[in-house]
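Chain by chain, the residues:
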Amino acid sequence: METSIFDIFLLEAVLNGLLLGGLLALLALGLNLIFGVIDVVWICYAELVMIGMYAIWWLHVQQGLPLAMGFGFGIVVVAVLGAVMHQFIIRPVLGAEPINQLLVTGGVLFFLQAAATVVFGVEFRNLGVRMPSVVIGELSLSSARMVAFVVAIAAIGGTWLFLSRTYLGTAIRAISQDRGIMPLMGVNPGRIYLLTSALGGGLAGLAACLLVLQYDIHPAIGLSLGPITFLICVLGGLGNLIGGFLAAFVFAQFISVGGFFFQLEWGYVIAFVFFIAMMFWKPEGLFAKRR
Amino acid sequence: MLEVSGLSAGYGSFQALFGVSLKVEAGEAVAVIGPNGAGKSTLLRAISRLLEPTAGTLTMQGRDYTRLPAHEVIGLGIAQVPEGRRLFPRLSVEDNLKIGAYTPSARARHAERLEFVYSLFPKMLQRRLQDAGTLSGGEQQMCAIGRALMCGPRLLLLDEPSAGLAPLIVQSIFGLMRTLRAQGYTVLIVEQNIQQVLKVVDRAYLLETGRIRRSGPAAELLASQDIRRAYLGV
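Residues numbered from 1 in each chain as written. Chains lettered and ligands numbered in written order. Predicted model: local features only at pLDDT ≥ 70, side-chain atom pairs only at ≥ 80, totals over all residues.

Participant: Help me understand the overall build of chain A, please; the structure alone is not making it clear to me.
Facilitator: Within chain A, the regular secondary structure consists of 10 helices and two strands. Going from N to C terminus, chain A has its helices and strands arranged as α-α-α-α-β-β-α-α-α-α-α-α. A compact globule built from 291 residues would reach a C-alpha radius of gyration of about 19 Å, and chain A, at 19 Å, matches this within 12%. Its C-alpha atoms give chain A principal-axis dimensions of about 70 × 50 × 35 Å. Within chain A, the fraction of its 291 residues that count as buried is 47%. (Helix = DSSP H or I, 4+ residues; strand = E, 2+ residues; numbered from the N terminus. Rg over C-alpha atoms; globule rule 2.2 N^0.38 Å. Buried ≥ 20, exposed ≤ 12 C-beta atoms within 10 Å, placed from the backbone.)

Structure, rendered in C-alpha cells:
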C-alpha cells in the first residue's frame, strides 16, 4: 500500500513538473526570441514579469478593474515596457561590447526592483483569488497551474504560427541569420528589433498573468524566475527556440521530481548541478543550434 | 533608368570609390568589370544604399535617392543579389523567397511571382521545403536571384553571380542573363569573369582602383587589346 501512495506522489511530481515546464517554456521563449533577433540578453527579463504582476494587482485590487481587464492591460503594459526598454536602453548600446550590453540590462534589473520596492513596498501582495484543486482519483493538481500550462502552450503555439506563417515572423527568423542584408529585402531592422522587443514584453506580460494566479508578488520575485529562465535558454542553446522549449521541460522535471525525493529547495540545487554538469559536457547547449 | 554621378565611398579612412559615374538605360544589361579589389562590390553596396557615399548622387527614374534609407530602395524597383548569395541558411527555399516578397506591394503579388520564379527555376520547386543552406552553389545562386525577383524589380543588381561556381554552372548562370533580359529586366552586373560577362551584356564599364577607366559597348571592350592583355591573358 505504501508503495502505491509513493507512486501517486511521484506521478503528481512528474505532472507538476510538466505543468511548471509549460510556464518556464513561455518565459524562455520571450527571452530567447529577443536574444535571437537582437543578440542582447535581457538579464532583467523576469523583472518585466514582476512589473506585470504588480500592474495586474494594482489594476484589479487597487483600482477595482475586472480581473480579465487587469490581465489585458497587464500584457499591454509589459509589451510597451519591452518596446521602451529597447528604444531607450538597448538601442543606444547596440554597437557596444556585449559585456556592456549585459551590464546595462543588469542595471535595469536593479532599477526595476528598487522602483517596485519604493512604489509598492516590500509586503507580499496577492490577488486574493484562490483557484480550487482538481482531484482525479487520488491525484490532486492545482487548477491555476493547469490553466497556466494550457495558456502557456497555446501562446507558444500561437507564437510559433506567427513566426512560421507571417511575413513579419519570417523576417524575425531571418534577421538572426543575416542582419546585414535585411535592408535589401525592404526590411527595416530597427523596426523588427522594436516589434520583437514588444512581443517579448507581451509574452512576459502573459507569464505575469499566469504567475500572479499562483504566487504572491514581491519586488524580488524576479530573482527566483530570472536565473532559471536564463539557464534554460543557455541549456537549450541561446537563441534556439526549440532547444529552449525542450530544456524548460527537462529543467522543470529536475526541480519537481528532485524536490519530491528530497525537499523543494533541493530540487533547485539538483537542477543547477545538472546545469553546471551540462555546461562541461555540452557548453554549446543541450540542443545546440545548427551552424 | 539608373544614374550614378560622381560617387565616392569607402570604409572608415579607406576610400574605395573616387567619383564614379555610370548610367543604365531601361532594358539594358550593363556590366562593371575589373580586378579583385577595384571597388565593384562597394559600388553596388553604395547603389543599394547599404553604404553611405561620401560624395555624389544616385538617381533612379529621375528621382534623386541619395539620402533614402537602405530598406526603402527596394521600393524604387531596385533589387540586389548580394555577393556570396547571402541566403538565410536555416530557412527553407520557400521562406527565403517569402522574405524577398516582404514589402507590402510585393505581398499582394506573392503567389503569382512565386509561380514565375518556380517556372524559371524548376529546381527551386523541387527543393522548396529544403533549408537553403543545404543547396549546392548553383542552386543557391538560383534561389538568391529568385529572392531578388520576388519584389518585382525593374532593375536587378547582380554582385559576382559566377563566384565560386563550377564552370558548367557559370555557363547556365550567364545563360540566365539572357532569359532575364528577355523578360524585360534591366540588369547591372558586377563581374570578375570578364570574358563570359562581356558576351551577355550590351555595355560595360572597366573599374580599376575605384575609378572608371574605360567604358563602351561590350563587343568593343572584348576586342580591345589592353583588356585582352590585362584581363583575359591573351
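Participant: Could you clarify how one ought to interpret the domain arrangement of chain B in this entry?
Facilitator: Interface size is often expressed as the accessible area that is lost when the parts come together. Residues and elements named next belong to chain B. Here the domain parsing of chain B yields domain 1 (1–77 + 154–234) and domain 2 (86–152). The interface is formed by 10 residues belonging to domain 1 together with seven residues belonging to domain 2. It is helix 7 (residues 167–182) that provides the largest number of residues to the side of domain 1 that touches domain 2, a total of four residues. Here the side of domain 1 that touches domain 2 is composed, by residue class, of six nonpolar, four polar and no charged. (Domains from an automatic or database assignment. Contact = placed C-beta atoms within 7 Å. Nonpolar A, V, L, I, M, F, W, Y, C, P; charged D, E, K, R; others polar.)

Participant: Explanation requested: the interface of chain B and chain A in the structure shown.
Facilitator: With 21 residues of chain B at the contact, the number on the chain A side is 15 residues. Take the side of chain B that touches chain A: its biggest share by element is four residues, from helix 2 (residues 93–100) of chain B. Residues that form the side of chain B that touches chain A fall into these classes: 10 nonpolar, six polar and five charged.

Participant: Please explain the packing of helix 5 (residues 143–165) of chain A against helix 7 (residues 189–212) of chain A as it appears in this structure.
Facilitator: Packed helix pairs are characterised by how far apart their axes lie and by the angle those axes make with each other. All names here are of chain A. One way to put it is that helix 5 packs onto helix 7 with a least axis distance of 10 Å and a crossing angle of 165°. Regarding the angle of helix 5 to helix 7, the classification is roughly antiparallel. Every pair of crossing elements has a handedness; the one defined by helix 5 and helix 7 is right-handed. Contacts between helix 5 and helix 7 involve Ala-148, Val-151, Ala-152 and Ala-155 from the former and Leu-203, Leu-206 and Leu-210 from the latter. Counted by class, the contact of helix 5 with helix 7 contains seven nonpolar, no polar and no charged residues. (Axes fitted to C-alpha atoms, helices over the stretch in contact; angles between N-to-C directions. Parallel < 35°, antiparallel > 145°, perpendicular 65-115°, else oblique. Left-handed = near helix turned anticlockwise from the far one by under 90°.)

Participant: Can you walk me through the environment of Gln15(B) in this structure?
Facilitator: All names here are of chain B. By secondary structure assignment, the location of Gln-15 is in strand 2 (residues 14–24). Accessibility expressed as a C-beta count within 10 Å gives 14 for Gln-15, which makes it partly exposed. Sequence-wise, Gln-15 and Thr-209 are 194 residues apart; in three dimensions their C-alpha atoms are separated by 9.7 Å. Setting aside residues no more than four positions away along its own chain, Gln-15 makes contact with Ser-8, Gly-10 and Gly-210.

Participant: Explanation requested: the sheet that holds strand 2 of chain B in the structure shown.
Facilitator: Sheet strands line up and pair through hydrogen bonds in the backbone, either parallel or antiparallel. Residues and elements named next belong to chain B. Spatially, four strands are ordered 2-1-4-5 in an open sheet, and the strand pairing comes out antiparallel. Lying at the two open borders of the sheet, with one neighbouring strand each, are strand 2 and strand 5 (63–64). The pairing of strand 1 (residues 2–11) with strand 4 (residues 55–60) spans five bridges and is antiparallel. Looking across to strand 4, one finds that Ser-8 is bridged to Ala-55. Along the sheet face, helix 1 (residues 40–47) touches strand 1, strand 2 and strand 4 and points at about 65° away from the line of strand 2. (Pairing = 2+ DSSP bridges.)

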